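# Architecture and fold: a report
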Amino acid sequence: MIKNVTVIGSGTMGNGIAHTFAQHGFEVSLVDINADALAKAVQTIINNLDRQLKKGNIDEQGKTDTLARIKTYTDLQQGAANANLVIEAATENRETKLKLFKQLSEICADEVILASNTSSISITEIAAVTQNPGNVIGMHFMNPVPVMKLVEVIRGYSTTNEVTQTIMQLAKTLEKDPVEVNDYPGFVANRILMPMINEAIYTLFEGVAGVQEIDTVMKLGMAHPMGPLQLADFIGLDVCLAILKVLHDGFGNPKYAPCPLLVNMVTAGHRGVKTGSGFYKYTAGSKDLVVADKFR
Ligand SMILES: NC(=O)c1ccc[n+]([C@@H]2O[C@H](COP(=O)([O-])OP(=O)(O)OC[C@H]3O[C@@H](n4cnc5c(N)ncnc54)[C@H](O)[C@@H]3O)[C@@H](O)[C@H]2O)c1
């Protein structure tokens, strides 16, 4: 019986995962090493609840109850102590995740399910550092979590049928549509999406067309709701780069090599929406999509 959920990492994904579980009646412990990130996450959740309130998707009581179910922690031990399920949504870095899962395996009781929201890192490898690899699974939510229906459920090599069924059922309780996939680099979503984003960046890098032109072709020509460069900004350019590196290393195929322009942008600190600049520039309060100065 899953009642208490610990979410680790309170960035783009962690705040959305915490929001979604709390809205569906689960008690949520949100953990981050960075206290400012926790404060920012709570403010983002409040803003998103207000948006839902305005649209009539929840009422005032629903907002109050959802917020009351979320507690924040900077200490992993305290935050994970009562968990029936842990969902790790920390930075997309292999060493960070392996260290976290090793710690969680020591903190949590044997029956606790340890899930990762990783976009690309091997669930089998993460599971291998824990004491109960059968209880480790991928629960890959999409951004923005309260809105997007898909949850990619990733079975590691050792994940049990029982744990897989529990997580598939849990995703349905959250009113999501889960899809079960096996554990190979990038799973399904990012194995297909990231090469497209990388190709869009190469198309810009090689001067074939500008930012707006590339995104317009894909929006109007392929009926994508958002162009690939805007989507990359939205996902986070650092996250895109990290996933491409995993695909490149995992398959050993040069077709996944990250575009040098993407590498440069991340190195220079232009990581997309979260830093205010990527292929577009983002000003708080403005909904206009303005191409970054560098690409004008
Ligand atoms: N951004 C997306 O669109 C998206 C979509 C699906 C999955 N993901 C995956 O979700 C995960 C999180 O991505 P994000 O975009 O939210 O990242 P983010 O950079 O917005 O947030 C990561 C947070 O993790 C915290 N953190 C780092 N190490 C930690 C630790 N040891 N303990 C606790 N907190 C720690 C950081 O302080 C930060 O607040 C990644 O694995 C990513 O691949 C991202």
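Counting from 1, residues in each chain are numbered in the order their sequence is written. Reporting of local features is limited, given that this is a predicted model, to residues whose pLDDT is at least 70; pairs of side-chain atoms are given and counted only at 80 or more, and all residues count toward the totals for whole chains, interfaces and linings. To get the side-chain values, all heavy atoms of the structure are used, and hydrogens and water are removed first.

### Let's talk about the pattern of salt bridges
We define a salt bridge as a side-chain nitrogen of Lys or Arg found within 4 Å of a carboxyl oxygen belonging to Asp or Glu. Overall, the coordinates contain 10 salt bridges when judged by the stated rule. Residues Glu92 and Lys97 are paired through a salt bridge, measuring 3.7 Å at the closest nitrogen-oxygen approach. The exposure classification of Glu92 matches that of Lys97, with both residues buried. When salt bridges that share partners are traced, they join Glu88, Glu92 and Lys97 into one network. Partly exposed describes any residue whose relative accessible area lies between the buried limit of under 20% and the exposed limit of over 50%, with all areas from a 1.4 Å probe on protein chains only and scaled to the type maximum.

### Focus: empty space enclosed by the protein
Where empty space is left in the structure can be found by rolling a water-sized probe over the atoms. Points on a 1 Å grid, built from protein atoms alone, make a cavity when a 1.4 Å probe fits but cannot get out and make a pocket when they are open with protein on both sides within 12 Å along at least 5 of 7 lines; residues with an atom within 4 Å of a point are the lining residues. Grid points are joined across faces, edges and corners, and a volume is the space filled by probe spheres set on the points. The final tally for this structure, using the stated rule, is one cavity of 30 Å³ or more. Size it by volume and the largest cavity reaches roughly 80 Å³. Every residue along the wall of the largest cavity is listed here: Leu104, Ser105, Cys108, Ala109, Asp110, Val112, Leu114, Thr130, Gln131, Asn132, Asn135 and Val136. Here the residues of the lining of the largest cavity sort into six nonpolar, five polar and one charged. Residue polarity follows a fixed list, in which Ala, Val, Leu, Ile, Met, Phe, Trp, Tyr, Cys and Pro are nonpolar, Asp, Glu, Lys and Arg are charged, and the others, Gly among them, are polar.

### Here we look at the UniProt feature "domain: 3-hydroxyacyl-CoA dehydrogenase NAD binding" (unreviewed entry) in the protein
UniProt positions are given in the numbering used here, feature names are shortened, and annotations may be inferred rather than shown by experiment. As annotated by UniProt and renumbered to match this structure, "domain: 3-hydroxyacyl-CoA dehydrogenase NAD binding" (unreviewed entry) occupies residues 4-183. Per the convention used, a helix needs a DSSP run of H or I reaching at least four residues, while a strand needs a run of E reaching at least two, with both numbered from the N terminus. Secondary structure content for residues 4-183 is 44% helix and 22% strand, and the end C-alpha separation is 26 Å.

### Concerning the side chain of Glu152
Considering the arrangement of structural elements, one finds Glu152 in strand β7 (residues 150-155). In this tally Asp and Glu are treated as negative and Lys and Arg as positive; neither His nor the chain ends contributes. As a buried residue without a salt bridge, Glu152 has its nearest oppositely charged side chain in Arg191, at a separation of 9.9 Å. What qualifies as a polar contact is a pair of N or O atoms within 3.5 Å, subject to a donor-acceptor requirement within protein and to the restriction that residues adjacent in sequence count only when both atoms come from side chains. In terms of polar contacts, Glu152 uses its side chain to reach the backbone amide nitrogen of Ala189, at 2.9 Å. We call two residues in contact whenever any of their non-hydrogen atoms come within 4.5 Å of each other. The residues contacting Glu152, other than those within four sequence positions of it, are Gly138, Met139, His140, Met142, Val179, Val181, Phe187, Val188 and Ala189.

### Considerations on a positive patch on the surface
On the surface, a cluster of positive charge is made up of Arg51, Lys54, Lys55 and Lys287. Its place among the elements puts Lys54 in helix α2 (residues 35-55). Candidates for patches are residues over 30% relative accessible area with no salt bridge; among them, like charges are joined within 9 Å and nonpolar side chains (Val, Leu, Ile, Met, Phe, Trp, Tyr) within 5 Å. Each accessible area is a Shrake-Rupley result for a 1.4 Å probe, and residues are judged covered by the shown protein chains and nothing else. For this purpose, a charge sits on NZ of Lys, CZ of Arg, CG of Asp or CD of Glu.

### Some points on the layout of surface pockets
Of the volumes computed, that of the second largest pocket is approximately 280 Å³. Along the walls of the second largest pocket sit 17 residues, with Met1, Asn84, Glu111, Val112 and Ile113 positioned nearest its centre. Residue contributions to the lining of the second largest pocket peak at three residues, all from helix α7 (residues 161-173). Partitioning the lining of the second largest pocket into residue classes produces 11 nonpolar, four polar and two charged.

### Observations regarding the site of the ligand
Neighbouring the ligand are 25 residues; Met13, Asp32, Glu92, Lys97 and Ser119 lie closest to it. At 2.9 Å, a backbone N or O of Ile235 approaches a nitrogen atom of the ligand. Alone, the ligand offers 830 Å² of accessible surface; in the complex the protein occludes 87% of this. Put simply, the parts of the chain that give the shell around the ligand at least two residues each are α1 (12-23), α5 (94-107) and β6 (136-141). The element contributing the most residues to the shell around the ligand is α5, with three residues. Within the shell around the ligand, the residues separate by chemical class into 10 nonpolar, 11 polar and four charged. We call a residue near a molecule or strand as soon as one heavy atom of that residue lies within 4 Å of the molecule or strand.

### Examining the nonpolar core
Think of a nonpolar core as a cluster: buried Ala, Val, Leu, Ile, Met, Phe, Trp, Tyr and Cys residues, connected wherever their side-chain atoms sit within 4.5 Å. Counting 34 residues, the largest nonpolar core has Ile17, Phe21, Leu85, Ile87, Met139 and Phe141 as its most contacted members. Counting residues in each nonpolar core, the second largest holds 25 residues, with Ile214, Leu241, Leu244 and Met265 among its members.

### As for unusual backbone geometry
In this model, Asn143 is joined to Pro144 through a cis peptide bond whose omega is -5 degrees. For Pro144, the location among the structural elements is in the loop between β6 and β7. In this model, Phe187 sits at a positive phi of 55 degrees, which is unusual for a non-glycine residue. Within the element layout of this structure, Phe187 appears in the loop between β8 (177-182) and α8 (189-205). For Phe187, a relative accessible area of 4% puts it in the buried group. Backbone geometry at Ala223 places phi at a positive 60 degrees, although glycine is not the residue there. Inspection of the secondary structure assignment puts Ala223 in the loop between α9 (211-222) and α10 (228-235).

### Thoughts on the sheet that holds β6
A pair of strands is considered paired only if DSSP assigns at least 2 bridges between the two. With mixed pairing, the eight strands of this open sheet are ordered in space as β3-β2-β1-β4-β5-β6-β7-β8. In the strand order of this sheet, the two ends are held by β3 (70-73) and β8, each with one partner. The sheet shows a mean angle of 25 degrees between the axes of neighbouring strands, direction not considered. With five bridges joining them, strand β1 (residues 4-8) and strand β2 (residues 27-31) adopt parallel strand pairing. Each residue of the ladder has a partner; that of Val5, found in β2, is Val28. In this fold α5 packs onto β1, β4 (85-88), β5 (113-116) and β6, with an angle of close to 170 degrees to the strand it touches most, β5. All axes are obtained by fitting lines to C-alpha atoms, using only the stretch in contact for helices, and the reported angles, taken between N-to-C directions, cover 0 to 180 degrees.

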